Amino acid sequence: MRRARAEILGRIAAAARSVNRSPEGIALTAVSKGQADDAVDAMLDAGQLIFGENRVQEATARWTHRRSVRQGLELRLIGPLQTNKAREAVALFDVIETLDRDRLAAALAAAASGLGRAPKILVQVNTGEEPQKAGVAPAGVVDFVKRVREVHGLEPCGLMCIPPAGEPAAPHFALLSDLADALALPVRSMGMSADFEAAVRFGATHVRVGSALFGSRSQ
Ligand SMILES: *Cc1c(COP(=O)(O)O)cnc(C)c1O
């Protein structure tokens, strides 16, 4: 795991330097969904502290104990969130990357005040406007972020996207960066195993890498 992680960090740094960015401006989120516990523990031992999960229940089972014995962990929810799991998500995660509708914003705000815990929030953007995919349509992002602030009292710190499979990702990364710039939001979560270097070149602050780091998912 140490070698795989060093290799990915090296590729992130090279991509950053190729566009005159500082590698320090890009965080590696290790996507541990579907990976075996011992692989996750090896990644922790290699020094990795930021992890992404896409299911609340799987993540709660895996991380509740680990987080109580590890300092400095950052857990990020990168999968779709049902309103009825908002409370459990707020209780576990440090960052929720997939806010995309008013009802969920209301549920997250209620959970945050009920639990006295305020995870950072990213708004997911459906840059490819795919009907089956979660996320706010690009044309609605500015209004949605405004409502999240003014109606729901949450302060999003950035945007996240998952480009359509089977087409070049770069235009989607460029679009997400432009939207984040327009809103003056600092965080841009984009890029996965196949395209994280391109995402870095287009301004990603967080790349979400699973299989290129751990090997293919077993579960
Ligand atoms: C699974 C997943 C990833 C990681 O995908 P890999 O191709 O294995 O790197 C990144 N982001 C999201 C939202 C995911 O669901």
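Residues numbered from 1 in each chain as written. Predicted model: local features only at pLDDT ≥ 70, side-chain atom pairs only at ≥ 80, totals over all residues. Heavy atoms only, no water.

For the structure on display, the rule yields 1 cavity of 30 Å³ or more. For the largest cavity, the calculated volume is near 30 Å³. Forming the walls of the largest cavity are V90, I96, L108, A112, P119, I121 and L154. (1 Å grid on protein atoms, 1.4 Å probe; cavity = no way out; pocket = protein on both sides within 12 Å on 5 of 7 lines; lining within 4 Å. Points joined across faces, edges and corners; volume = space filled by probe spheres on them.)

A word on the pattern of salt bridges. Throughout the structure, instances matching the rule amount to 17 salt bridges. We note a salt bridge from E7 to R11, for which the minimum N-O separation is 3.3 Å. Taken as a pair, E7 and R11 lie in helix α1 (residues 2-18) at a separation of 4 residues, close to a single helical turn. Ionic pairing is found between R62 and E53, a salt bridge with its closest N-O pair at 3.2 Å. The same class applies to R62 and to E53, which are both buried. Taken together, the shared-partner salt bridges connect D37, D41, E53, R62 and R66 into one network. (Salt bridge = Lys/Arg side-chain N within 4 Å of Asp/Glu carboxyl O. Helix = DSSP H or I, 4+ residues; strand = E, 2+ residues; numbered from the N terminus. Buried < 20%, exposed > 50% of the residue type's maximum accessible area, 1.4 Å probe, protein only.)

On to the pairing of strand β4 (residues 95-99). The element β4 is extensively covered by neighbouring structure, given that 5 of its 5 residues are classed as buried. Pairing of strand β3 (residues 74-77) with β4 involves 2 bridges; the strand directions are parallel. Among the inter-strand pairings, L77 is bridged to a residue of β4, identified as I96. Where the polypeptide runs from β3 across helix α4 (residues 86-92) and back to β4, its parallel neighbour, the crossover connection is right-handed. Two elements, β4 and strand β5 (residues 120-125), share 3 bridges in a ladder whose sense is parallel. Paired with L99 across the bridge in β5 is V123. (Pairing = 2+ DSSP bridges. Right-handed = clockwise from strand over helix to strand, strands pointing away.)

Residues in contact with the ligand, as listed here, are V31, K33, I78, M160, I162, M192, S193, R208, V209, G210, S211 and R217. At 2.9 Å, a side-chain N or O of R208 approaches a nitrogen atom of the ligand. Backbone polar atom of S211 to an oxygen atom of the ligand: 2.8 Å apart, as the coordinates give it. Considering only residue class, the shell around the ligand consists of 6 nonpolar, 3 polar and 3 charged. (Near = heavy atom within 4 Å. Polar contact = N/O pair within 3.5 Å; in protein donor to acceptor, adjacent residues only side chain to side chain. Nonpolar A, V, L, I, M, F, W, Y, C, P; charged D, E, K, R; others polar.)

Moving on, we come to the pairing of strand β1 (residues 27-31). Counting buried residues in β1 gives 5 out of 5 residues, a clear majority hidden from the surface. In this sheet, strand β8 (residues 206-209) lies alongside β1 in parallel orientation, the contact comprising 4 bridges. Residue pairing across strands places A30 opposite V209, the latter belonging to β8. For β1 and strand β2 (residues 50-53), the ladder comprises 2 bridges, and the chain directions are parallel. Looking at β2, one finds that V31 is bridged to G52. As for the winding sense of the linkage, the β-α-β connection from β1 through helix α2 (residues 37-45) to β2 is right-handed.

Counting residues in each nonpolar core, the largest one holds 60 residues, and the members touching the most others are F51, L108 and V207. For F51, the residues in contact, after removing those within four places along its chain, are T29, A30, S32, V40, M43, L44, W63, L73, E74, L75, R76 and F214. Among the nonpolar cores identified, the runner-up in size contains 5 residues, and V95, C157, M160 and V187 belong to it. (Core = buried A, V, L, I, M, F, W, Y, C linked by side-chain atoms within 4.5 Å. Contact = heavy atoms within 4.5 Å.)

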